[in-house]
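# Survey of secondary and tertiary structure
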Amino acid sequence: MEHFEQNPQPTRQQLGQLLFDDENKYIYCAVPKSASTPMKTTLLNLRNDSEKFAKWNPHTPRLWKHMSEYNISENSKRLQTYFKFLFVREPLHRLLSGYEDKFFGKNRLYTNGFRQLIVKAYRPEDVEDVSTATNNVTFAEFLRFIVTSSNYLTRDDHWRQYEHLCFPCTFKFDFIGHFETLADDVAYVLKKAGFNQRVTFPPFRSSRVLSNFMTYYSQVPREIILRLGEAFRNDFAHHCRRFDLLRHKFRPYSLRRGGATFLFQTTGSMETALLKGRWQSSRVARIYLADGLSCLPHLTFSSKATEIVLSSISFSFSQKIMLKDRLVLKSVIEERTYLRPDEI
């Protein structure tokens, strides 16, 4: 059929995240931690009975028609004619967002049993009774568990790969938007679907994940980063393609190398880099960082990627972007020149 690529077909039960509306003729795949809450709120407002559900949580299952509840013949007709879209997010940022929200945010209750399971697996002597206040889990423990355990909880939708939620390699989506360029992409979707005169996207609070990213991932062991790379390889490749970075042959582990280099550049402190990177040998760390710094002059963003980055990230005054075909970070406040490899 036209709407299917030549890929293994998901079972009907796997289509729970694909929501549809027969009146407005759309199919939306809701990827958790990729602006699904405001998007669901927007789509609910299209309905004639939207006032009736104004105070409902937009994630309430009974508010939606799920493709998992309908047979192949019915789903096939919708897939052929409805406007199909989803929003995705850089996978490592999405994992961190899920951790902050479900393990330490207002939704901590969600992971009460999950946290106990992780503590029992890695620190059995510390396990406590299930409670919202017990069984704190580190970010590294969370990541280790979801890449090593076969427990069904590791496949929770909030940290499951979107290729297993929406099957974009199987279904021909009309549009795949990105969390990183949310405002522009939402405007495009609403206009393309003919909804822009009927609804508006609600104000969206920017994520804290960007500012916390290096703090969290610098504490994650190398082997876990590599296993995440394998598990989220297709998600990662999609975003490298989005930012024209495939030519640099980045791997998920490149984030650790880049993070260490950036930390040393911005602090000028070998001690800080050693502590965050948990290096036992300063000699190895110096070689590692010198190699990273030597690569920087050759790493460039295309004009397309530069435009995307500038439109999606708010930089502080001390971290302005100097344009052309690459992004150069300069400290305006300290007026300090970054160290070169031969100065380490």
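Summary of the structure given here.

Cut-offs used in this document
Residues numbered from 1 in each chain as written. Predicted model: local features only at pLDDT ≥ 70, side-chain atom pairs only at ≥ 80, totals over all residues. Heavy atoms only, no water. Core = buried A, V, L, I, M, F, W, Y, C linked by side-chain atoms within 4.5 Å. Buried < 20%, exposed > 50% of the residue type's maximum accessible area, 1.4 Å probe, protein only. Helix = DSSP H or I, 4+ residues; strand = E, 2+ residues; numbered from the N terminus. Arc of directions from axis to C-beta. Contact = heavy atoms within 4.5 Å. Pairing = 2+ DSSP bridges. Axes fitted to C-alpha atoms, helices over the stretch in contact; angles between N-to-C directions. Phe/Tyr/Trp six-rings, centres within 6.5 Å; stacked < 30°, edge-to-face > 60°. Lys NZ or Arg CZ within 6 Å of the ring centre and 35° of its normal.

### Concerning the nonpolar core
One finds Leu95, Phe142, Leu143, Tyr217 and Leu228 to be the most contacted residues of the largest nonpolar core, which totals 24 residues. With 6 residues, the top contributor of residues to this core is helix α5 (residues 139-148).

### With respect to helix α4 (residues 112-122)
Quick reminder: α-helices carry 3.6 residues per turn. Residues three or four places apart thus point the same way. Considered for burial, the residues of α4 that qualify are Asn112, Phe114, Arg115, Ile118 and Val119. Relative to the axis of α4, the buried residues are bounded by an arc of 165° and lie together on one face. The secondary structure elements touched by the buried residues of α4 are α3 (91-103) and α5.

### Some details on the sheet that holds strand β4 (residues 83-88)
Spatially, 5 strands are ordered β3-β1-β2-β4-β5 in an open sheet, and the strand pairing comes out mixed. This sheet does not close on itself; its edge strands, each paired only once, are β3 (65-66) and β5 (175-178). Where strand β1 (residues 18-21) lies against β3, 2 bridges are found, and the strand directions are antiparallel. From the neighbouring strand, Leu19 faces β3, where its bridge partner is His66. Against the sheet, helix α1 (residues 36-44) makes contact with β1, β2 (26-29) and β4, and its axis sits at roughly 160° relative to β2, the strand it touches most.

### Side note on the packing of aromatic side chains
Two descriptors summarise a pair of aromatic rings, namely the distance from one centre to the other and the angle between the planes of the rings. One pass over the structure, following the stated rule, counts 25 aromatic pairs. Seen from their ring centres, Phe87 and Phe175 are 6.5 Å apart, and the 70° between their planes marks the pair as edge-to-face. With Phe87 in strand β4 and Phe175 in strand β5, the pair connects residues that are 88 residues apart, well separated along the chain. Through a chain of ring-to-ring contacts, the aromatic side chains of Tyr99, Phe103, Phe104, Phe114, Tyr122, Phe139, Phe142, Phe145, Trp159, Phe213, Tyr216 and Tyr217 assemble into a single cluster. Directly above the aromatic system of Tyr70 lies the positively charged group of Arg78, at a separation of 5.0 Å from the ring centroid. Above the plane of the ring of Phe179 lies Arg89, whose end atom (NZ or CZ) is 3.9 Å from the centre.

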